[in-house]
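In case you want the letters, here they are:
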Amino acid sequence: MHLFAFLNRLKVQVSDDQRYIDVDYTPGSPDALYDICDVNGRIIKTGKINRDSMRVAVSDLLNSAYVFLVLDGDRIRTQRFTIHR
């Protein structure tokens, strides 16, 4: 385990209006990517993580549970979130 692994913690929070997720993650590599997957593992959205805090639109997602997956060099981080409007 990396000594400073706590610096790369992933926090995903759904906004009150359920239209966005706020993501807090400090990327460890310039090529860090994210995927939003459904519970069956299918990739719904993908993008690049280019800053420590970002907002991702999820207004097009159906009411369901999802997984926010970060691929950052040799590190993988995941966090589940649920959309219910």
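Residues numbered from 1 in each chain as written. Predicted model: local features only at pLDDT ≥ 70, side-chain atom pairs only at ≥ 80, totals over all residues. Heavy atoms only, no water.

Undergrad: Explain the nonpolar core residue by residue, including any values.
TA: Residues Ile21, Val23, Ile36, Phe68 and Phe81 are the most contacted members of the largest nonpolar core, which totals 19 residues. Counting only elements with at least two residues in this core, the list comes to β1 (11-14), β2 (20-24), β3 (33-38), β5 (53-57), β6 (64-72) and β7 (75-83). For this core, the element with the highest residue contribution is β6, accounting for 3 residues. Beyond its immediate chain neighbours, meaning those up to four positions away, phenylalanine 68 contacts Leu10, Val12, Ile21, Val23, Tyr34, Asp35, Ile36, Arg77, Thr78, Gln79 and Phe81. (Core = buried A, V, L, I, M, F, W, Y, C linked by side-chain atoms within 4.5 Å. Buried < 20%, exposed > 50% of the residue type's maximum accessible area, 1.4 Å probe, protein only. Helix = DSSP H or I, 4+ residues; strand = E, 2+ residues; numbered from the N terminus. Contact = heavy atoms within 4.5 Å.)

Undergrad: Just give me the short version of the environment of valine 23, but keep the residues and values in it.
TA: Examined against the element boundaries, valine 23 turns out to sit in strand β2. Here valine 23 is in contact with Leu10, Lys11, Val12, Asp52, Ser53, Met54, Val56 and Phe68, once residues within four sequence places are set aside.

Undergrad: How would you explain the pairing of β1 if you had to name every residue and give the values?
TA: By the alternation rule, side chains of β1 split into Val12 and Val14, which are all buried, and Lys11 and Gln13, of which none is buried. Inspection of the sheet shows β1 paired to β2 by 4 bridges, in the antiparallel sense. Residue pairing in the sheet places valine 12 in a bridge with valine 23 of β2. (Pairing = 2+ DSSP bridges.)

Undergrad: Could you give me a rundown of the sheet that holds β3, with the residues and numbers involved?
TA: What holds strands together in a sheet is hydrogen bonding between their backbones, with the strands either parallel or antiparallel. As summarised here, the arrangement of the 4 strands in space is β4-β3-β6-β7, forming an open sheet in which the pairing is antiparallel. With one partner strand each, in any of the chains shown, β4 (43-48) and β7 form the two edges of the open sheet. Across this sheet, the average inter-strand angle for adjacent strands is 20 degrees, counted without regard to direction. As defined by bridge partners, β3 adjoins β6 across 6 bridges and the pair is classed as antiparallel. Bridging from a neighbouring strand, leucine 33 pairs with leucine 71 of β6. (Axes fitted to C-alpha atoms, helices over the stretch in contact; angles between N-to-C directions.)

The values reported here are purely geometric and, on their own, carry no functional implication.
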